[in-house]
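Spelled out, the chains give:
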Amino acid sequence: MRTESFPVVRYTLPNGLRVWCQPRSDSESVAAMLVIGAGARYETLSDSGVSHFVEHMLFTGTERWTEEEIKEVITRRGGRWNGWTGFEQTTYFVHLAAADLDVGLDWLAELVFHAIFPEDKVDKEREVIFQERWGHYGWLINTLDALGFGYELDRDVQRALFPGSSFGYRIVGEDSSLERLDRAALWAYYRRYYIPGNAALIAVGNASPSGCLIWLRST
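This one's a predicted model, so the numbers in the text were calculated from it and none came from an experiment.

A tally of helices and strands in the protein chain yields 8 helices and 6 strands. Of the regular secondary structure in the protein chain, the N- to C-terminal order runs β-β-β-α-α-β-β-α-α-α-α-α-α-β. Here the protein chain holds 219 residues, and the buried ones make up 47% of them. Long-range contacts, defined as pairs at least 24 residues apart, comprise 77% of the intrachain contacts of the protein chain with a sequence gap of at least 6. In the structure as shown, the protein chain presents an accessible area of about 11,400 Å², 56% of it carried by carbon and sulfur atoms.

Helix length check: helix α3 (residues 101–113) (13 residues) gives 18 Å between terminal C-alpha atoms against 18 Å at 1.5 Å per residue, within 8%. In terms of residue burial, α3 counts as a mostly covered element, since 12 of its 13 residues are buried. Within α3, burial applies to Leu101, Val103, Gly104, Leu105, Asp106, Trp107, Leu108, Ala109, Glu110, Leu111, Val112 and Phe113.

Here 6 strands make up an open sheet; going across it, the order is β1-β2-β6-β3-β5-β4 and the pairing mixed. At either margin of the open sheet sits one strand with a lone partner, and together these are β1 (9–12) and β4 (80–85). In this sheet, adjacent strand axes meet at a mean angle of 15 degrees when their direction is disregarded. Where β4 and strand β5 (residues 90–97) come together, 6 bridges link them in antiparallel fashion.

With that out of the way, let us pick up the environment of histidine 95. Tracing the sequence through the fold places histidine 95 in strand β5. The residues touching histidine 95, leaving out its near neighbours within four places in the chain, are Ser29, Val30, Ala31, Gly79 and Arg80. Separated by 3.0 Å, the side chains of histidine 95 and serine 29 make a polar contact.

Our next topic: the pattern of salt bridges. Evaluated as defined, the whole model comprises 7 salt bridges. When the shortest N-O distance is used, the salt bridge between aspartate 106 and arginine 64 registers 3.0 Å. With aspartate 106 in helix α3 and arginine 64 in the loop between α1 (50–58) and α2 (67–75), this residue pair connects regions lying 42 residues apart in the sequence. Its relative accessible area of 15% is what places aspartate 106 among the buried residues. Using a relative accessible area of 37% as the deciding quantity, one classes arginine 64 as partly exposed. Residue glutamate 67 pairs with lysine 121 through a salt bridge whose shortest N-O separation is 2.8 Å. Residue glutamate 67 is found in helix α2, and its partner lysine 121 is found in helix α4 (residues 119–133); the two are separated by 54 residues along the sequence. Look at glutamate 67 and you get buried, because its relative accessible area is 11%. Residues joined by salt bridges that share partners form a network here, namely Glu67, Lys121, Lys124 and Glu125.

So, how was this worked out
- Residues numbered from 1 in each chain as written.
- Predicted model: local features only at pLDDT ≥ 70, side-chain atom pairs only at ≥ 80, totals over all residues.
- Heavy atoms only, no water.
- Helix = DSSP H or I, 4+ residues; strand = E, 2+ residues; numbered from the N terminus.
- Buried < 20%, exposed > 50% of the residue type's maximum accessible area, 1.4 Å probe, protein only.
- Contact = heavy atoms within 4.5 Å.
- Areas by Shrake-Rupley, 256 points an atom, 1.4 Å probe, with all protein chains shown as cover.
- Expected span 1.5 Å × (residues − 1).
- Pairing = 2+ DSSP bridges.
- Axes fitted to C-alpha atoms, helices over the stretch in contact; angles between N-to-C directions.
- Polar contact = N/O pair within 3.5 Å; in protein donor to acceptor, adjacent residues only side chain to side chain.
- Salt bridge = Lys/Arg side-chain N within 4 Å of Asp/Glu carboxyl O.

Spatial relationships are all this shows, so hold off on functional conclusions.
Okay, here's the thing in structure tokens:
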């Protein structure tokens, strides 16, 4: 029988949050990801890009922290953080010293489950997303795409394989929907999907399964 060098311990908290922990006692650091079961696949043309937009808004303020404080909590300890949106999930990530695991888990819980979506940040993030999308040349890319001269091969393949589905939309969103999305739409999406029962915590490194039970404020 083959024995796993680094077995994965799996369990579910009373609030529905799934936890996967792979302890590596020889490591000096720990990486943790909080994965939400929502992404671009679940969007329509009218709300295309909402998953990615919500990801941006989480970093603009929480019940405890301002936008600047969110970044400082991890970076001042020498850690790294990030977030990204895919078709099936949206993921938030932190990597820091093993001794700061409790800080990392608290940061993930606060960021993901206690965001406040400041009204004055919505338009700011919308512009950031437009810059991420195509910058000042967006009109040209969209015109070429409409004429059939697009260069996004992966999206063309997805459109061919799944005609009429959301797989043909850009994860970052389409111009028409990005212009329409407001705080109410973003907040409704957040309240629907960002719940413990639709999330999974994955921790790898110098972390014990019992240590992950400090997952405190996610209820």
